[in-house]
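Okay, here's what each chain looks like letter by letter:
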Amino acid sequence: MLVENILAAAQSIGVATLVAISIVCFLVVTIRNLVSTIQLLLAARVFATRIKPAQRSYDLWSRYADLALPISVIAPCFNEELSIADSARALLALEYPDHEVILVNDGSSDGTLSVLIEQFDLRPIEREQLAVLQKTRIRGIYGSARYPNLILIDKDNGRKADAVNAGLGFAAAPLVCVIDADSIIEPDGLLRAAEPFMTDDGSLMAVGGAIRIANGSIVEGGHVRQIRLPGRWLPRYQILEYLRAFLTARIANARLDMLMLISGAFGMFRRAPLVEIGGYRHDTVGEDLEVVTRIHRRMREDKRPYRVAFVPEVVCWTDAPESWRGLRNQRARWEQGALETILEHRRMLFNPRYGRVGMIGMPLIVIEDVLGPPCELFGYLLIPLLYLMGIESGTIVLAFFSITVLFGTAISLGTLALEEMQLRRTPSARDLFMIGIAAVVANLGYRQANLAFRIYGMWRFYRKDNRWAAAGRAGFSRG
């Protein structure tokens, strides 16, 4: 009898624990979707009430050419001999009155260096290094007589953060633009990103832009000549994620003065404070999130006025993973980087000293990257199981799947509608319809796989595995 009572008590405790976990999962998923809804509504309000920027590049040039601050464009590159010449020409051709391009060859093992030297007639030069921020050895500095605003830094391999820091140390302009060499910024992107700095009082620290997926589009000479929908479904699902991230979350967070992330693919910074904080960190795989968080922290601790802005019209095109393995590596890296940043800056959490960033911004990262993935994935498994065991009602099951699937789909479709009304980057009604279909189909496996990849990132974080896992991009389509 005693043994039976103990077993019954244990079973009762086990069931109670499972029910408690299911309630927590339900609450976390509800909070995440509520936050997404608020962000969508706030982004719609921002678009509706803001002063719209000039539509034509000519208008921007005529308005701001005399006010434009010089910019150093820093583009790290590693093993990109097939595309680096086109990328460099595209950066040199950007519509901006005064910009230099600093290419950083991060120890490439292919012909990247020789291609650049040959294509741009590069020769060794002397150039003063204003700040030593990189950890690895500088092999040489090259300049071109044909392109006086092109600089090439050749260095030992140290990954992207180290390459950016090397470029930052040689940059002389007051503004620096950090861009992936294999990404494509639209010709007027520098002008649009620099515009907020031209009327600023010195408090603007950084500006982010929207990242769009170029898979399937026609690329010629380092420019997107024709926007097309990707042929494969995997990058189509990612289009929706990027839209939600950049057209709702970033816009809303910037409006609330708590933008925590500027994508590593494109971002513009005021050089002085970036050098002041030591540049990008080398010991994290999420250097883009960490550096913006560190800017927030330094400015708040020093009690200096500052802000971080976002301009949705600044569009940078990137190549999204087209394989499940590549997607897994990318999402696991994002998750691991977020956890590393939270751990490093944990004192900011719920700390009034850091204002909205500490009280809202950092907790939202915890909800999204610490609690969100396991709670939603466990919810998919646990809540139906408890229903089959007769412990939870069908109403709970229906409510959970309504919040995760139907609600999530509605937010995606709302973001797609916002994009069509404001930016109109989707080329045809058919493509718009297919992306809408992807918003629904993504719930049948893709969404759950993403959650599993995020948990894999948690495992890598726990093991302190900082090896770089490549996303295995497919490359741009050539016309």
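Preceding block: the structure.
Now for a description of the structure that goes with this document. This is a predicted model, so every value here is computed, not measured.

## Concerning the side chain of His 345
For His 345, the position within the fold is in the loop between α10 (324–344) and α11 (355–388). Exposure remark for His 345: the relative accessible area of 2% places this residue in the buried category. Excluding residues within four positions of it along the chain, His 345 makes contact with Glu 290, Thr 293, Arg 294, Arg 297 and Met 362.

## Remarks on unusual backbone geometry
Of note, the phi angle at Arg 159 is positive, near 75°, even though the residue is not glycine. By secondary structure assignment, the location of Arg 159 is in helix α5 (residues 159–170). Owing to a relative accessible area of 26%, Arg 159 belongs among the partly exposed residues under this scheme. Of note in this structure, Lys 303 is not a glycine but carries a positive phi near 55°. Here Lys 303 shows up in the loop between α9 (287–302) and β12 (307–318). By relative accessible area, Lys 303 is classed as exposed at 74%.

## Things to note about the packing of α11 against helix α12 (residues 394–422)
Across the interface, α11 lies against α12 with an axial gap of 9 Å and an inter-helix angle of 160°. Classed by the angle they form, the pair α11 and α12 counts as roughly antiparallel. By crossing handedness, the relation of α11 to α12 is classed as left-handed. Packed against α11, whose contacting residues are Glu 376, Gly 379, Tyr 380, Ile 383, Pro 384 and Tyr 387, the element α12 presents Gly 394, Ile 396, Val 397, Phe 400, Phe 401 and Thr 404 at the interface. Here the contact of α11 with α12 is composed, by residue class, of eight nonpolar, three polar and one charged.

## Observations regarding the pairing of strand β2 (residues 99–106)
Taking burial as the measure, the eight residues of β2 include eight buried ones, the bulk of the element. Pairing of strand β1 (residues 71–77) with β2, which is carried by seven bridges, proceeds in the parallel orientation. Bridging from a neighbouring strand, Ile 74 pairs with Ile 102 of β2. With helix α3 (residues 84–92) bridging β1 and its parallel neighbour β2, the resulting β-α-β unit is right-handed. Looking at chain direction, β2 and strand β5 (residues 150–155) are connected through six bridges and run parallel. Bridge assignment links Ile 102 to a residue of β5, and that residue is Ile 151.

## A closer look at the sheet that holds strand β3 (residues 122–124)
Taken together, 10 strands build an open sheet; the order of strands is β3-β4-β5-β2-β1-β6-β11-β8-β12-β7 and the sheet is mixed. The outermost strands of the open sheet, each flanked by one partner alone, are β3 and β7 (184–185). Packing of helix α4 (residues 112–120) onto the sheet brings it into contact with β1, β2, β3, β4 (138–144) and β5, and relative to β5 it is tilted by some 155°. Strand contacts of helix α7 (residues 233–255): β8 (204–213) and β12, with the helix running at about 155° to β8, the strand carrying the most contacts.

## Re a nonpolar patch on the surface
Together, Trp 233, Phe 433, Ile 437, Val 440, Val 441 and Leu 444 make up a nonpolar patch on the protein surface, roughly 570 Å² of accessible area in all. With four residues, helix α13 (residues 429–441) is the largest single contributor of residues to the nonpolar patch. Secondary-structure assignment places Val 440 in helix α13. Residue classification places Val 440 among the partly exposed positions, given a relative accessible area of 45%.

Scoring rules and cut-offs
- Residues numbered from 1 in each chain as written.
- Predicted model: local features only at pLDDT ≥ 70, side-chain atom pairs only at ≥ 80, totals over all residues.
- Heavy atoms only, no water.
- Helix = DSSP H or I, 4+ residues; strand = E, 2+ residues; numbered from the N terminus.
- Buried < 20%, exposed > 50% of the residue type's maximum accessible area, 1.4 Å probe, protein only.
- Contact = heavy atoms within 4.5 Å.
- Axes fitted to C-alpha atoms, helices over the stretch in contact; angles between N-to-C directions.
- Parallel < 35°, antiparallel > 145°, perpendicular 65-115°, else oblique.
- Left-handed = near helix turned anticlockwise from the far one by under 90°.
- Nonpolar A, V, L, I, M, F, W, Y, C, P; charged D, E, K, R; others polar.
- Pairing = 2+ DSSP bridges.
- Right-handed = clockwise from strand over helix to strand, strands pointing away.
- Patch = residues over 30% accessible without salt bridge, like charges linked within 9 Å, V, L, I, M, F, W, Y side chains within 5 Å.
- Areas by Shrake-Rupley, 256 points an atom, 1.4 Å probe, with all protein chains shown as cover.
- Salt bridge = Lys/Arg side-chain N within 4 Å of Asp/Glu carboxyl O.

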